[in-house]
Amino acid sequence: MPDWSPRLYQYIGGTLRAKGSVLLAAGGMPDHIHLMVSLGRQTTIADIIRDIKANSSRWIHETFDSLRGFAWQTGYAAFSISQSALNDVKQYIADQSDHHRIRTFQEEFVLFLKRHGVQYDEQHIWD
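Quick summary incoming for the structure in this document.

Reading guide: rules and limits
Residues numbered from 1 in each chain as written. Predicted model: local features only at pLDDT ≥ 70, side-chain atom pairs only at ≥ 80, totals over all residues. Heavy atoms only, no water. Helix = DSSP H or I, 4+ residues; strand = E, 2+ residues; numbered from the N terminus. Rg over C-alpha atoms; globule rule 2.2 N^0.38 Å. Buried < 20%, exposed > 50% of the residue type's maximum accessible area, 1.4 Å probe, protein only. Contact = heavy atoms within 4.5 Å. Patch = residues over 30% accessible without salt bridge, like charges linked within 9 Å, V, L, I, M, F, W, Y side chains within 5 Å. Areas by Shrake-Rupley, 256 points an atom, 1.4 Å probe, with all protein chains shown as cover. Salt bridge = Lys/Arg side-chain N within 4 Å of Asp/Glu carboxyl O. Pairing = 2+ DSSP bridges. Phe/Tyr/Trp six-rings, centres within 6.5 Å; stacked < 30°, edge-to-face > 60°.

## Some details on the overall build of the protein
When its secondary structure is counted, the protein shows five helices and two strands. Sequence-ordered secondary structure for the protein, helices as α and strands as β, is α-β-β-α-α-α-α. Its C-alpha atoms give the protein a radius of gyration of 15 Å, within 12% of the compact-globule value 14 Å for 127 residues. Taking the principal axes of the C-alpha coordinates as reference, the protein spans close to 40 × 35 × 25 Å. Taken across its 127 residues, the protein has 30% of its residues classed as buried. For the protein, long-range pairs separated by at least 24 residues make up 47% of all intrachain contacts whose partners lie at least 6 apart in sequence.

Shown next, in the form of C-alpha cells:
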C-alpha cells in the first residue's frame, strides 16, 4: 500500500463519523481496500459507499498532485459480519499482504463467493 494509506483511512474514518458510522478496521493492497464499518441506524450501504468514494477521491485529488487521475472502481462488495467473527475479520484485513502472496484479489474474491453460495457472473464483477 502507498505510504499515505494511513492518512486515507483516517480521512475515511472521519467521513464515516460524520454520517453516524464507525470505522472499525481498514487495510488493503494497491488494487483494493477493506473497510470494517459499524453502520449508523439511518445509513444505507449504498449511501455510505457513495460518500466514502466521493469524499476520499476529492481529498486524494486535492492532497496529492501526482494522483489527480485517481478513481475508485465502479463497484464494491459488502458483507455482514457476526459479532463472534469481528476479531478474525480484523486480522484478515490486517494480513492482506500475506493473503495475496498466495492468490490474487480476484481469485480470492471468486473463491469467497463460491464458498458462501453467492451467485455471480464473472463477466460483470470486474470493471
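## As for a nonpolar patch on the surface
A cluster of nonpolar side chains, namely Leu39, Ile45 and Tyr76, defines an oily patch on the protein surface of about 260 Å² accessible area. A relative accessible area of 36% places Leu39 in the partly exposed class.

## Things to note about the pairing of strand β2 (residues 32-38)
Looking along a regular strand, one sees the side chains alternate between the two faces of the sheet. As paired elements, strand β1 (residues 22-29) and β2 share seven bridges and run antiparallel to each other. Along β2, the bridge assignment pairs Leu23 with Val37. Turn length for the β1-β2 hairpin, with the two strands adjacent in sequence and antiparallel, is two residues.

## A word on the side chain of Thr43
Along the polypeptide, Thr43 turns up in the loop between β2 and α2 (45-63). Setting aside residues no more than four positions away along its own chain, Thr43 makes contact with Lys19, Ser21 and Ile48.

## What to know about the packing of aromatic side chains
For any pair of aromatic rings, the description rests on two quantities: the centre-to-centre distance and the angle between the ring planes. Within the structure shown, the criterion is met by seven aromatic pairs. Relative to Trp59, the ring of Tyr11 lies with its centre 5.3 Å away and its plane at 20°, an arrangement referred to as stacked. On the criterion of sequence distance, the pair formed by Tyr11 in helix α1 (residues 5-18) and Trp59 in helix α2 is long-range, its members being 48 residues apart. On the basis of relative accessible area, Trp59 is assigned to the buried category, the value being 13%.

## Here we look at the pattern of salt bridges
Counting across every chain of the model gives five salt bridges. Three or more residues are tied together by salt bridges with common partners; here these are Lys19, Asp47, Arg50 and Asp51.

## Description of the environment of Gln119
Mapping Gln119 onto the fold places it in the segment after α5 (105-115). Taking the C-alpha atoms as reference points, Gln119 and His32, separated by 87 residues in sequence, lie 21 Å from one another.

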